[in-house]
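Chains, contacts and geometry: an overview
Spelled out from the first residue to the last, the chains are:
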Amino acid sequence: MFTGFAYQDIYGLTLENIVHVRTAKEKWLIKDRVKTGVSEMVPVLPIVNDLIKMYRNHPKCIINNRLMPIDSNAGIIAI
């Protein structure tokens with residue numbers, strides 16, 4: 001999703017992961033990576049901001065408190 005985050009990291013993004021930095025109040029995503037546990041901070045690019053706005057009222061985002069309406073791939077079985 002234009003962030004460099006892995007699928008499992010994007011799946012867990014919430015509004016709490018968005019912070020405003022500097023005097024210009026730039027939006028950044030801060031997330032502890034699932035695989036490594038390392039905290040990473042990336043800027044919210046305009047296209048990412050547009051996607052967040054587009055999905056903010058999506059039922060899955062509201063119910064699950066997520067930025068993106070994606071499902072977990074935990075139940076997918078490869079054939």
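The following paragraphs examine the structure supplied in this document. (Residues numbered from 1 in each chain as written. Predicted model: local features only at pLDDT ≥ 70, side-chain atom pairs only at ≥ 80, totals over all residues. Heavy atoms only, no water.)

Further remarks concern the layout of surface pockets. Estimates place the volume of the largest pocket at around 190 Å³. Leu-15, Ile-52, Arg-56, Arg-66 and Leu-67 are, among the 13 residues lining the largest pocket, the residues nearest its centre. When contributions to the lining of the largest pocket are tallied by element, the ones reaching two or more residues are α2 (46-55) and α3 (59-64). In the lining of the largest pocket, the residues fall into 7 nonpolar, 2 polar and 4 charged. (1 Å grid on protein atoms, 1.4 Å probe; cavity = no way out; pocket = protein on both sides within 12 Å on 5 of 7 lines; lining within 4 Å. Points joined across faces, edges and corners; volume = space filled by probe spheres on them. Helix = DSSP H or I, 4+ residues; strand = E, 2+ residues; numbered from the N terminus. Nonpolar A, V, L, I, M, F, W, Y, C, P; charged D, E, K, R; others polar.)

Counted by the stated rule, this structure contains 3 salt bridges. Measuring nitrogen to oxygen at the nearest pair gives 2.7 Å for the salt bridge that ties Arg-33 to Asp-9. Taken together, the residues Arg-33 in the loop between β2 (26-32) and β3 (39-43) and Asp-9 in helix α1 (residues 7-11) connect sequence positions 24 residues apart. The residues Arg-33 and Asp-9 share a single accessibility class, namely buried. A salt bridge links Arg-33 to Glu-40; the nearest nitrogen and oxygen atoms lie 2.6 Å apart. For Arg-33, a relative accessible area of 18% translates into the label buried. With relative accessibility at 27%, the residue Glu-40 sits in the partly exposed group. (Salt bridge = Lys/Arg side-chain N within 4 Å of Asp/Glu carboxyl O. Buried < 20%, exposed > 50% of the residue type's maximum accessible area, 1.4 Å probe, protein only.)

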